[in-house]
Amino acid sequence: MIDRYCVFGHPVGHSKSPTIHAAFAEQTGEAIDYAAIEAPLDDFAGAWRRFVAEGGRGANVTVPFKEEAFRLCDTLSERARRAGAVNTLILGGNGASIDRKVYGDTTDGIGLVRDLRRHGVTLAGARILVLGAGGAVRGVLEPLLAERPASLFVANRTAAKACALAADFRDLGAIAGGGFDAVAGPFDLVINGTSASLAGDLPPLPDDLFAAAASAYDMMYGAQPTVFLRWAAERGARGVDGLGMLVEQAAESFFQWRGKHPDTAPVLEALRRAL
């Protein structure tokens, strides 16, 4: 019997998740079918229920449905509860068909941390700057703070939003927030969690942002370095894009569904060649 999984989004035709999970399934010998489903903007919950009725066992969820996925879950991981969003749905919590309850998790943060480790970035004791205060950033703060950085500053165009976000996570570590004008480096790691790179734009940042041997990470990715990574390289930082985060968060979802950890390196390499 082939178990069914999918990714929900709108739009979703561009998603690399079917390719990634097909590679994981072949590598691990798991019999799954994984598709991309474009859910109606006004009926994500209905799309999920129809998928389950047709034999679906779990799903990934991308924009704009992560908050709606959060609301339909019966139980949540702690990191999903903190994020207020879900990117991984599991029927029955452990996939058991006799249990129709829905368990929700967010694997974005663990995907980011694993990719940073792959590139040799040390998080413990580091001074970290995170740009942006939207859902993408909220989903990664708990795993980042779990690595015990010396400090983490969230900077956003709207300072009040960054401050409020930092306050939500203050019990987990040394975190503060403010506007871009409040950014005062140097930092060991700067993570761009804004969508500015998609428009070829940059947040207003000071030139003395990076410490010696600092790293710059953009959650966006492409065939060429993003404008943020080019800007960081000109100031001496080592740049990493978000393709590895995409693969690593998918691997964590796959593990939760199937109980097997795929080898992400060959999948990431194949995706990189195809860009």
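This is a predicted model, so every value here is computed, not measured.

Draft legend 1. The arrangement of helix H6 (residues 135-146) in detail. Turning to H6, its buried residues number three or more, namely Val 137, Gly 139, Val 140, Leu 141, Pro 143, Leu 144 and Leu 145. Directly beyond the C-terminal end of H6, a positive phi value near 60° is found at Arg 148.

Draft legend 2. Looking closely at the packing of aromatic side chains. Under the counting rule described, the total for this entry stands at 8 aromatic pairs. Relative to Phe 44, the ring of Phe 8 lies with its centre 5.4 Å away and its plane at 90°, an arrangement referred to as edge-to-face. Pair noted here: Phe 8 is in strand S1 (residues 3-9) and Phe 44 is in helix H2 (residues 44-53), with a separation of 36 residues, a long-range link. Each ring, one from Phe 210 and one from Trp 231, has its centre 5.9 Å from the other, and the planes form 55°; the classification is tilted. Separated by 21 residues along the polypeptide, Phe 210 in strand S11 (residues 210-218) and Trp 231 in helix H8 (residues 227-234) bring together distant segments of the chain. Look at Phe 210 and you get buried, because its relative accessible area is 12%. Feature note: the residues Phe 8, Phe 44, Trp 48, Phe 51 and Phe 65 constitute an aromatic cluster, connected by ring pairs.

Draft legend 3. Region of interest: the pairing of strand S8 (residues 151-156). In terms of residue burial, S8 counts as a mostly covered element, since 5 of its 6 residues are buried. When strand S7 (residues 127-131) meets S8, the two strands line up parallel, connected through 5 bridges. In the sheet register, Ile 128 faces S8, and the bridge partner there is Leu 152. Handedness of the S7-H6-S8 crossover: right-handed. For the crossover that starts at S8, traverses helix H7 (residues 159-169) and ends in the parallel strand S9 (residues 175-179), the hand is right-handed.

Draft legend 4. Spotlight on H2. Where H2 is concerned, the buried positions are Phe 44, Gly 46, Ala 47, Trp 48, Phe 51 and Val 52. Looking at the buried positions of H2, the neighbouring elements they touch are S1, strand S2 (32-38), strand S3 (56-61), helix H3 (66-71), strand S5 (88-91) and strand S6 (102-105). Downstream of H2 by a residue or two, Gly 55 has a phi angle that is positive, lying close to 105°.

Draft legend 5. Quick look at the sheet that holds S11. The 6 strands are arranged S9-S8-S7-S10-S11-S12 in an open sheet whose pairing can be described as parallel. Here the strands that pair on one side only, and so sit at the sheet edges, are S9 and strand S12 (238-241). The average undirected angle you get between the axes of adjacent strands in this sheet is 20°. Summarising the sheet, strand S10 (residues 187-192) and S11 pair through 5 bridges and their orientation is parallel. Bridge pairing in S11 links Leu 189 to Ser 215. Against the sheet, H7 makes contact with S8 and S9, and its axis sits at roughly 170° relative to S9, the strand it touches most.

Draft legend 6. The nonpolar core, seen in detail. In this structure, Leu 112, Leu 144, Leu 152 and Ile 191 are the most contacted members of the largest nonpolar core, which totals 27 residues. Elements represented by at least two residues in this core include exactly helix H5 (108-118), S7, H6, S8, H7 and S10. For this core, the element with the highest residue contribution is H6, accounting for 5 residues. Beyond its immediate chain neighbours, meaning those up to four positions away, Leu 152 contacts Ile 128, Val 130, Leu 141, Leu 144, Leu 145, Ala 174, Ile 175 and Ala 176.

Draft legend 7. Spatial organisation of the packing of helix H9 (residues 243-258) against helix H10 (residues 264-274). Where H9 meets H10, the axes come as close as 10 Å, and the angle between the chain directions of the two elements is 140°. Considering their axes alone, H9 and H10 lie oblique with respect to each other. For the element pair H9 and H10, the recorded crossing hand is right-handed. Along its contact with H9, which presents Leu 243, Gly 244, Val 247, Glu 248 and Ala 251, the element H10 presents Thr 264, Val 267, Leu 268, Leu 271 and Arg 272.

Draft legend 8. How the structure looks around the sheet that holds S2. The strand order across the open sheet built from 6 strands is S2-S1-S3-S5-S6-S4, with neighbouring strands paired in mixed fashion. Of all the strands in the sheet, just S2 and strand S4 (75-76) have a single pairing partner and so form its edges. Where S1 lies against S2, 7 bridges are found, and the strand directions are parallel. Bridging across to S2, Arg 4 finds its partner in Asp 33.

Parameters at a glance
- Residues numbered from 1 in each chain as written.
- Predicted model: local features only at pLDDT ≥ 70, side-chain atom pairs only at ≥ 80, totals over all residues.
- Heavy atoms only, no water.
- Buried < 20%, exposed > 50% of the residue type's maximum accessible area, 1.4 Å probe, protein only.
- Helix = DSSP H or I, 4+ residues; strand = E, 2+ residues; numbered from the N terminus.
- Phe/Tyr/Trp six-rings, centres within 6.5 Å; stacked < 30°, edge-to-face > 60°.
- Pairing = 2+ DSSP bridges.
- Right-handed = clockwise from strand over helix to strand, strands pointing away.
- Contact = heavy atoms within 4.5 Å.
- Axes fitted to C-alpha atoms, helices over the stretch in contact; angles between N-to-C directions.
- Core = buried A, V, L, I, M, F, W, Y, C linked by side-chain atoms within 4.5 Å.
- Parallel < 35°, antiparallel > 145°, perpendicular 65-115°, else oblique.
- Left-handed = near helix turned anticlockwise from the far one by under 90°.

Just geometry here; none of it tells us what the structure is for.
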